[in-house]
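Structure assessment
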Amino acid sequence: MTDHRRTALRADIQALRAVAVLAVVLFHLWPNRLTGGYVGVDVFFVISGFLITSHIVRDVDAGRFSVTEFWSRRILRLLPASLLVLAVTAAGVRALAPVQHWEQWFREIAASGLHAENWVLAADAVDYLAAENMASPVQHYWSLSAEEQFYLVWPLLIALCLLVGRRLRRTAHTGSGSQGLDRAGRRASWRPVVAGALVVVVVASLVTSVVWTGADQAYAYFITPTRAWEFGAGALLAFVPARTGRWSSAASWVGLALIGVSAVLFTGATPFPGVWAAVPVLGTVLVIWAQASDRFTSRLAGLPPVQFLGDVSYAVYLWHWPLVVLVPYATGHDLRTLDKVAILAVTLLLAWGTRLWIEKPVLAHRHRFRPRVTFVTAAVVGAVVVGAALLGVHAAREHVRTELAAAEQATTAECFGAAARPPHGEPCTNPDLVGTAVPAPEVAGDDMPAPFSEGSDKCPGTSREDVDPVACERGDRGSDVRIALVGDSHAAHYSSAFVEAAEANGWALDIYIKAGCPFSDVMRVQDEVLTAACVEWVDRAQQVLVDGGYDLVVTSQLSGVDWVPPAGTTPEAFAEDGLVSLWGGLADQGLPVVAVADVPKPDPTVIDCLTAPDVDLTTDCRTPRADATGPFDPQRSAVERLGRSDVTLLDLTDVYCDARECFPVIGGVTVYRDDNHLSDTFAGTLAPYVANALAPLLRSGD
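Just so we're clear, the structure is a prediction, and the values are computed from it rather than from any experiment.

**Focus on the overall build of the chain**
If you tally the helices and strands in the chain, you get 26 helices and ten strands. C-alpha atoms of the chain, sized along the principal axes, occupy 95 × 55 × 45 Å. Considering only contacts within the chain whose residues lie at least 6 apart along the sequence, 80% involve residues at least 24 apart. Accessible area for the chain stands at about 30700 Å²; split by element, carbon and sulfur atoms hold 60% of it.

If you want it as structure tokens, here you go:
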């Protein structure tokens, strides 16, 4: 069997830690150079599974295994450094980060303190409204959360297996009439039970990972069930005999090659974790099993710099990412080469100090900490960190409420919002609005479409799996004029404009929204879950519109998305065909269609630009019109191809742009809430233009 007494001091495992953390750090600093460096996390998972299970095996064989003792040791090993970095990061966010990031980032700091960051990121990954979230300075804590969840469950499973093994021994003892088992027999009797349970966990988790990655990769990447098999693969090594013979040297080199190839060749487009995660996992298993047995790998692993990086790898992992995220806010510019080199140096310095003054002293005196004292201390310190983060969330929300209230009070000002740039008219200027922006750009991300924002009258939404169109009813419900607004989030962000137009003109308005789903007979590139749901939702929505007695259907959709056409068809023609067939079919059944051209795209960093120090809101952060209107919008060409009076295009581009540039602030209003959606305040100011465009069509229909 493996000599578990050596696992804590094995130079090869320290070297593996060095390789893993170096891959992750280089990937985060130079993502286009080491495109698969994220596999370093998988290497860590296998190492953790092996070491932890080896320690448990040793304790069980010695008769001193205790679940609470195990948890206490893990807390003392992981939490002091982890909570320190969380506390420092929270202070850094408060001092350096723009207010628009506070709520999300403090929420994730709290989740990391509660060891649930991976589940928060998984939920955000499938939340369309969170799709534009910027990576927080604690996003890397997702892997620590998954690891800590493994540490919570794995000793409990071991304890359960020991109980089962004990019952099996009693049954065997009773059946054989034996007077008892010797100590070696007792040791051997529990191992098959635990190993069998491990095999079940590994197989079940691997199958889950493959299936879930294929269906929803963004969600599968973070959740524990898709990663448990990686810990389990390492844990199984604790029950495998030590390497012998010449094959171990070959295994070591093959393992290193598998890790290196995955780090170099994998990219963000690689379906991961899934079956591809088996490459770095198998590589790590081979390296651990081989134990750097040949002279060259043994010397390489034992080099002082390699061992030093392995010793501080945990602290390096903790410190590097907050620096990557926060340093640009301190310097006022994106990371440059010198910044990245400085981050590497500071990370190593902080990691060395954390190892020397935090980790080592705690571990040296861990015998003084009884489990109860450890649990209470960890709970108190953790509660302080989490509480401080939640106070940050509260402060951010209060700031948002204050600024949105101020924006609502300003709506009656002359030349406010879109009124400053009437289509086919002269621009209007209110001196009181020059140099102002409401809502404040830092809270624009929370200026959501009114029918779908939080409140007692919030319209029902649809989840990713939902296929039934749900009507959001607005306007005059007793009106003889009935309008339907249908489409994805780019139809939804116009909803306040249509609600106000309906209320002003006595129309009934029903809104049907499914984020990520263009109202078309063909689908954009999505994951399997959303693609299947969108097809069904569009079919059912079409039938609802046909049966609903509507006088007019209004739709819009996000431009510049990816489509997957069949062979011989261009993406543009494919997208147009889907709209032509759907809109033409509705018009043939007496339902006129109005397509609202998509909004011009601002620079992706528009909100950060507007919140930068010394920004001039009247002249800065503009986008050339050619760039902003460049993304392909199939709605324009579909209307042209149909060439019929009952399918028309409402194009408001001249409200957002002049002949040369498109504006991020118009009439004292922040136009965008992110890099592609309108703020609700600005959308509401479009209501008069919407009403003017629809009224002739409704009269014509009558």
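**Let's talk about the packing of helix 2 (residues 40-61) against helix 11 (residues 278-290)**
Close contact between helix 2 and helix 11 brings their axes to 9 Å; oriented N to C, the two are set at 45°. Considering their axes alone, helix 2 and helix 11 lie oblique with respect to each other. Viewed along their axes, helix 2 and helix 11 form a crossing whose handedness is right-handed. The residues of helix 11 that touch helix 2, namely those facing D42, V43, V46, I47 and F50, are P280, V281, T284, V285 and I288. Within the contact of helix 2 with helix 11, the residues separate by chemical class into eight nonpolar, one polar and one charged.

**Quick look at helix 14 (residues 313-331)**
Taking 1.5 Å as the rise per residue, helix 14 with 19 residues should run 27 Å; its terminal C-alpha atoms sit 27 Å apart, in good agreement. Along helix 14, the largest kink reaches about 35° and is centred on V325; proline P328 follows within four residues of it. Among the 19 residues of helix 14, 16 are classified as buried, and the element is accordingly described as predominantly covered. Looking one or two places after helix 14, you find G332, whose phi comes out positive at around 85°.

**Focus: the pattern of salt bridges**
Using the criterion set out here, one finds 26 salt bridges in the structure. For D12, the salt bridge is made with R10, and the minimal N-O distance between the two is 2.6 Å. Judged by relative accessible area, R10 falls into the buried class, the value being 8%. The shortest N-O distance in the salt bridge between R477 and D510 comes to 2.8 Å.

**With respect to the layout of surface pockets**
A volume near 980 Å³ is recorded for the second largest pocket. Lining the second largest pocket are 36 residues, and of these R17, L51, H55, R74 and R77 sit closest to its centre. When contributions to the lining of the second largest pocket are tallied by element, the ones reaching two or more residues are helix 1 (11-29), helix 2, helix 3 (67-96), helix 6 (141-176), helix 13 (304-311), helix 14 and helix 15 (337-364). Among the elements that make up the lining of the second largest pocket, the one with the highest residue count is helix 2 (ten residues). Residue classes in the lining of the second largest pocket are distributed as 16 nonpolar, eight polar and twelve charged.

**Some remarks on the state of the cysteines**
On inspection of all chains with the given rule, the structure shows five disulfides. Covalent S-S linkage joins C415 and C428, the inter-sulfur distance amounting to 1.5 Å. Of this pair, C415 sits in the loop between helix 16 (371-409) and strand 1 (472-475) while C428 sits in the loop between helix 16 and strand 1, placing them 13 residues apart in sequence. Using a relative accessible area of 6% as the deciding quantity, one classes C415 as buried. On the basis of relative accessibility, which here comes to 26%, the residue C428 falls in the partly exposed class. Looking at the chain, its bonded cysteines, counted consecutively from the start of the sequence, adopt the pairing 1-2, 3-4, 5-6, 7-8, 9-10.

**A closer look at a nonpolar patch on the surface**
Together, V199, V203, L206, V207, V210, V211, V275 and W276 line one region of the surface with nonpolar side chains, adding up to about 680 Å² of accessible area. Along the chain, V199 turns up in helix 7 (residues 183-215). V199 gets classed as partly exposed once you look at its relative accessible area, which sits at 42%.

**Structural notes on empty space enclosed by the protein**
Per the counting criterion, the structure on display carries two cavities of 30 Å³ or more. Of the pockets and cavities examined, the second largest cavity occupies roughly 40 Å³. Along the walls of the second largest cavity sit K601, P602, C621, T623, A628, C662, F663, P664 and Y672, which together make up its complete lining.

**Section: unusual backbone geometry**
The omega angle of the peptide bond from F272 to P273 is 15°, so this bond is cis rather than trans. Structurally, P273 can be placed in the loop between helix 10 (247-265) and helix 11. Here V438 and P439 are connected by a cis peptide whose omega angle stands at -10°. Among the secondary structure elements, P439 is positioned in the loop between helix 16 and strand 1.

**Remarks on helix 23 (residues 634-642)**
Of the residues making up helix 23, those classed as buried are P634, Q635, S637, A638, V639 and L642. Positive phi shows up at G643, right after helix 23, with a value of about 55°.

**Things to note about the nonpolar core**
Core analysis: the biggest nonpolar cluster contains 104 residues, and I56, V93, F106, I109, W154 and F239 have the highest contact counts within it. Judged by nonpolar contacts, the second largest core, of 50 residues, contains L433, V438, V594 and V671.

**As for the sheet that holds strand 3 (residues 508-513)**
The strand order across the open sheet formed by six strands is 1-3-2-4-5-7, and the pairing between neighbours is mixed. Here the strands that pair on one side only, and so sit at the sheet edges, are strand 1 and strand 7 (647-650). Recorded for the sheet is a direction-independent mean angle of 25° between the axes of neighbouring strands. Inspection of the sheet shows strand 4 (residues 552-556) paired to strand 5 (residues 593-596) by three bridges, in the parallel sense. Across the sheet, the residue bridging to V553 is V593, located in strand 5. On the sheet, helix 18 (residues 495-505) packs against strand 1, strand 2 (482-487), strand 3, strand 4 and strand 5 and is oriented at approximately 165° with respect to strand 3.

**Topic: the environment of V606**
Considering the arrangement of structural elements, one finds V606 in helix 21 (residues 606-610). A C-alpha to C-alpha distance of 8.3 Å links V606 and R622, two positions 16 residues apart in sequence.

**Description of the side chain of R464**
When you line up the elements, R464 lands in the loop between helix 16 and strand 1. By relative accessible area, R464 is classed as buried at 14%. Only 3.0 Å separates the side chain of R464 from the side chain of D216, close enough to count as a polar contact.

**Some details on the packing of aromatic side chains**
Aromatic rings considered in pairs are described by the distance between their centres and by the relative angle of their planes. Applying the stated rule across the entire model yields 22 aromatic pairs. A cation over an aromatic ring shows up here: R227 above the ring of Y221, its NZ or CZ 4.6 Å from the ring centre.

**Looking at the packing of helix 20 (residues 571-588) against helix 23**
Put simply, helix 20 and helix 23 touch, their axes get as near as 9 Å, and they point 55° apart. One way to sum up the angle between helix 20 and helix 23 is to call them oblique. Like other packed secondary-structure pairs, helix 20 and helix 23 cross with a definite hand, here right-handed. Together, A573, A575, E576, D577, L579, V580, W583 and G584 of helix 20 and P634, Q635, S637, A638, V639, R641 and L642 of helix 23 make up the contact between the two elements. Grouping the amino acids of the contact of helix 20 with helix 23 by side-chain chemistry returns nine nonpolar, three polar and three charged.

Calculation rules
- Every chain is numbered independently, its residues counted from 1 as its sequence is written.
- In view of the model being predicted, local features appear only for residues whose pLDDT reaches at least 70, and side-chain atom pairs are presented and counted only at 80 or more, with totals across whole chains, interfaces and linings using the full set of residues.
- Only hydrogens and water are removed before side-chain values are computed, so all heavy atoms of the structure are retained for them.
- Helical segments are the DSSP runs of H or I of at least four residues, strand segments are the runs of E of at least two, and each set is numbered from the N terminus.
- In what follows, residue pairs with any heavy atoms lying within 4.5 Å of each other are defined as contacts.
- Areas reported as accessible are Shrake-Rupley estimates using a 1.4 Å probe. Residue values count occlusion only from the protein chains shown.
- Between N-to-C directions, angles span 0 to 180 degrees; the directions come from axes that are lines fitted to C-alpha atoms, helices contributing only their stretch in contact.
- Throughout, the term roughly parallel applies to angles under 35 degrees, roughly antiparallel to angles over 145, roughly perpendicular to angles from 65 to 115, and oblique to all others.
- Rotating anticlockwise by less than a right angle from the far helix to the near helix defines a left-handed crossing, while the corresponding clockwise rotation defines a right-handed one.
- Asp, Glu, Lys and Arg are counted as charged, while Ala, Val, Leu, Ile, Met, Phe, Trp, Tyr, Cys and Pro are counted as nonpolar; the rest, among them Gly, fall into the polar class.
- Given the number of residues in a helix, its expected span is that number minus one, multiplied by 1.5 Å.
- We define the bend at each residue as the angle formed by axes fitted to the 7 residues ending at it and the 7 residues starting at it.
- Buried residues are those whose accessible area, probed at 1.4 Å on protein chains only, stays under 20% of the maximum for their type, while exposed residues exceed 50% and partly exposed ones sit between those limits.
- When a carboxyl oxygen of Asp or Glu lies within 4 Å of a side-chain nitrogen of Lys or Arg, that pair is called a salt bridge.
- Lining residues are defined by having an atom within 4 Å of a point belonging to a cavity or pocket. Those points lie on a 1 Å grid over the protein atoms alone, cavities being sets where a 1.4 Å probe fits but cannot get out and pockets being open sets with protein on both sides within 12 Å along at least five of seven lines.
- Grid points are joined across faces, edges and corners, and a volume is the space filled by probe spheres set on the points.
- Whenever a pair of cysteine sulfur atoms sits within 2.5 Å, that pair is classed as a disulfide.
- Surface patches are defined over residues having more than 30% relative accessible area and no salt bridge, joining like charges when they lie within 9 Å and nonpolar side chains (Val, Leu, Ile, Met, Phe, Trp, Tyr) when within 5 Å.
- As used here, the term nonpolar core means buried Ala, Val, Leu, Ile, Met, Phe, Trp, Tyr and Cys residues forming a set that is joined through side-chain atoms within 4.5 Å.
- A pair of strands is treated as paired once DSSP finds two or more bridges between them.
- The definition of a polar contact used here is a pair of N or O atoms within 3.5 Å, where within protein one atom must be able to donate a hydrogen and the other to accept one, and adjacent residues in sequence count solely through side-chain atom pairs.
- Centre distance within 6.5 Å is the pairing criterion for rings of Phe, Tyr and Trp, where only the six-membered ring of Trp is used; planes under 30 degrees apart are then read as stacked, over 60 as edge-to-face, and the remainder as tilted.
- Only lysine NZ and arginine CZ atoms are considered, and such an atom sits over a ring when it is within 6 Å of the ring centre and within 35 degrees of the ring normal.

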